[in-house]
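Here's the letter readout for the chains.
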Amino acid sequence: MTTEPSPETSAEVFFMPSGLRGVVPAGSTVLSAARSLGVDLDSVCGGLGICGRCQVEVGARPGLDANPQRLSAPSSMEDSYDGLRPLPTGRRLGCAAQIVRDVVINVPEASQVHRQVVRKDAGRLEVAVDPVLTLHYLHVAAATMADATGALQRMR
């Protein structure tokens, strides 16, 4: 029989847009929760609060509101953050924000490691078809008792 962790020591976290979710210890950083659940959240500084690639937002879903208090208050790391990527209002650093209670975390496209990149304009591309093989239909006369040759010989 499995036992559920108590609500005081754990929290359920939902990551969007991946839809991955799980129960993590309360006080875990969003980045460590993402790593433990296999969520695609970028962080090249190793959680030191330098790169700003692990930016996340508190989201909502039925039963869970988008209350920013579902995460810990901004830490001194976030308050003093001055990286190349600005930290817009409403966003938090995943390496600094700790999960306090059940929460939905939106991972913006810029914070995803494997985000979709469009490298060329989509348009109509004409492709000339020049196959090496061509299909031909041949009618070969049926074999008779008088002409006991094989189909290949009759075809030639």
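Description of the structure in this document. (Residues numbered from 1 in each chain as written. Predicted model: local features only at pLDDT ≥ 70, side-chain atom pairs only at ≥ 80, totals over all residues. Heavy atoms only, no water.)

Before going further, it helps to spend a moment on the nonpolar core. In this structure, Val13, Phe15, Val30, Leu41, Leu71, Ile99 and Ile105 are the most contacted members of the largest nonpolar core, which totals 23 residues. Mapped onto this core, the elements with two or more residues apiece are β1 (10-16), α1 (30-37), β3 (55-59) and β5 (103-106). Ranked by residues supplied to this core, first place goes to α1 with 4 residues. Apart from residues lying up to four places away in sequence, leucine 41 is in contact with Val30, Leu31, Ala34, Cys54, Gln55, Val56, Val107, Ser111 and Val113. (Core = buried A, V, L, I, M, F, W, Y, C linked by side-chain atoms within 4.5 Å. Buried < 20%, exposed > 50% of the residue type's maximum accessible area, 1.4 Å probe, protein only. Helix = DSSP H or I, 4+ residues; strand = E, 2+ residues; numbered from the N terminus. Contact = heavy atoms within 4.5 Å.)

Listing the buried residues of α1 in full gives Val30, Leu31, Ala33 and Ala34. Seen from one end, α1 has its buried residues packed into an arc of 165 degrees, which puts them on one side. Looking at the residues trailing α1, positive phi occurs at glycine 38, about 80 degrees. (Arc of directions from axis to C-beta.)

Let us now look at the pairing of strand β2 (residues 21-25). As paired strands, β1 and β2 are joined by 5 bridges and run antiparallel to one another. In the strand pairing of β2, serine 10 is matched with proline 25. Counting the residues in the hairpin turn of β1 and β2 gives 4 residues, including glycine 19, whose phi is positive at 80 degrees. (Pairing = 2+ DSSP bridges.)

A full pass over the atoms with the stated rule returns 0 aromatic pairs. When the ring centre of phenylalanine 14 is taken as reference, the NZ or CZ atom of arginine 61 above it lies at 4.0 Å. (Phe/Tyr/Trp six-rings, centres within 6.5 Å; stacked < 30°, edge-to-face > 60°. Lys NZ or Arg CZ within 6 Å of the ring centre and 35° of its normal.)

We now examine the sheet that holds β3. Read from one edge to the other, the open sheet built from 5 strands follows the order β2-β1-β5-β3-β4, with strand pairing classed as mixed. Pairing within the sheet leaves two strands with one partner each, and these edge strands are β2 and β4 (91-93). The sheet shows a mean angle of 40 degrees between the axes of neighbouring strands, direction not considered. Of the pairings in the sheet, the one linking β3 to β4 comprises 3 bridges and is antiparallel in character. By the bridge assignment for β4, glutamate 57 is matched with arginine 91. (Axes fitted to C-alpha atoms, helices over the stretch in contact; angles between N-to-C directions.)

A separate point is unusual backbone geometry. Looking along the chain, the bond that leaves methionine 16 and enters proline 17 is cis, with omega of 10 degrees. Looking at where proline 17 falls in the secondary structure, it is placed in the loop between β1 and β2.

Let's shift gears to the pairing of β3. Most of β3 sits inside the fold, with 4 of its 5 residues counted as buried. As paired elements, β3 and β5 share 3 bridges and run antiparallel to each other. Residue pairing in the sheet places glycine 59 in a bridge with valine 104 of β5.

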